[in-house]
2 protein chains.
Amino acid sequence: MSRVSCAACKYQRRKCTSKCVLAPYFPANQPKKFQNAHRLFGVRNMVKILDELKDEDQKSDAMKSIIFESDMREKFPVYGCVECISYLRQQLQITLQELQDVQSQLEFYRQQHPTATYPNFDR
Amino acid sequence: MSRVSCAACKYQRRKCTSKCVLAPYFPANQPKKFQNAHRLFGVRNMVKILDELKDEDQKSDAMKSIIFESDMREKFPVYGCVECISYLRQQLQITLQELQDVQSQLEFYRQQHPTATYPNFDR
């Protein structure tokens, strides 16, 4: 039975066998996914990461994170996925500040109207 | 004048010259930093990233993000820096939910006491 080469084997122009450890993560119809990962990490490093994990779910999660990091590095050549981390930190900072502001306002209302109660109030 | 080999050249047992592009980012006294980056990306890929950036500040920021990603991958072998992203997303989600709760409480107080005003109230 003929086997369609995965994107990794196709890119490297080698025969893709049933033992190919990269095939589950790089389907033939998504060559860009492999190119980004290969460009950033290289095949050897990806195989090493997979070899060091025993659990199949962990291997799959590791490859998802590797592919995510590669795609982010293509999108943001300077910061890679640190761009996401910076954005999320900033959003968290803004939201925490807003929460603090709203809590201060709430505290003010409570002090002004100590007898008022809020339905389902659990604090 | 003798030159102390950077951690990258020391690890690779080669002479570190003034033209070494990795020396600014891998001081001799921090070998682990290089080992993690080398292990995840490889020297060739790091040099390629540096070559593709012209601006010195961008090169420096890119290497900081590369070193951060490498350190995170050592700490979290399965998720790498996606671990940070997941954590931040979760924290942001929790904070947004809390903000929504506090805003609902505030809205309740306002409706109960429409004449009350909050000092420095800018909404």
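These numbers come from a predicted model, not from an experiment. (Residues numbered from 1 in each chain as written. Chains lettered and ligands numbered in written order. Predicted model: local features only at pLDDT ≥ 70, side-chain atom pairs only at ≥ 80, totals over all residues. Heavy atoms only, no water.)

## A few points about the UniProt feature "domain: LOB" (unreviewed entry) in chain A
(1) Moving on: Here, UniProt's "domain: LOB" (unreviewed entry) annotation points to residues 4-106 of chain A.
(2) Moving on: Measuring from the first to the last C-alpha atom of residues 4-106 of chain A gives 62 Å, for a span that is 68% helix and 0% strand. (UniProt positions renumbered as here; feature names shortened; annotations may be inferred. Helix = DSSP H or I, 4+ residues; strand = E, 2+ residues; numbered from the N terminus.)

## Description of the nonpolar core
(1) Moving on: Counting residues in hydrophobic clusters, the biggest one holds 48 residues, and the most contacted among them are L22(A), F26(A), M46(A), L22(B), F26(B) and M46(B).
(2) Moving on: Elements supplying a minimum of two residues to this core: α1 (7-11), α2 (31-40), α3 (43-52) and α4 (56-75) of chain A together with α1 (7-12), α2 (31-40), α3 (43-52) and α4 (56-75) of chain B. (Core = buried A, V, L, I, M, F, W, Y, C linked by side-chain atoms within 4.5 Å. Buried < 20%, exposed > 50% of the residue type's maximum accessible area, 1.4 Å probe, protein only.)

## Quick look at the interface of chain B and chain A
(1) Moving on: Each partner contributes to the interface: chain B provides 50 residues, whereas chain A provides 50 residues.
(2) Moving on: Each partner contributes to the roughly 4,800 Å² buried at the junction of chain B and chain A, and carbon and sulfur atoms together form 65% of this total.
(3) Moving on: Our enumeration of links across chain B and chain A arrives at four salt bridges.
(4) Moving on: The salt bridge involving E69(B) is made with R73(A); its shortest N-O contact spans 2.8 Å.
(5) Moving on: Counting the contacts that link chain B with chain A gives 18 residue pairs in polar contact (both at pLDDT 80 or more).
(6) Moving on: Examining the composition of the side of chain B that touches chain A, we find that 20 residues originate from one element, helix α5 (residues 82-112) of chain B, more than from any other.
(7) Moving on: Per-class residue counts for the side of chain B that touches chain A are 26 nonpolar, 13 polar and eleven charged. (Contact = heavy atoms within 4.5 Å. Buried area = accessible area lost by both parts, 1.4 Å probe. Salt bridge = Lys/Arg side-chain N within 4 Å of Asp/Glu carboxyl O. Polar contact = N/O pair within 3.5 Å; in protein donor to acceptor, adjacent residues only side chain to side chain. Nonpolar A, V, L, I, M, F, W, Y, C, P; charged D, E, K, R; others polar.)

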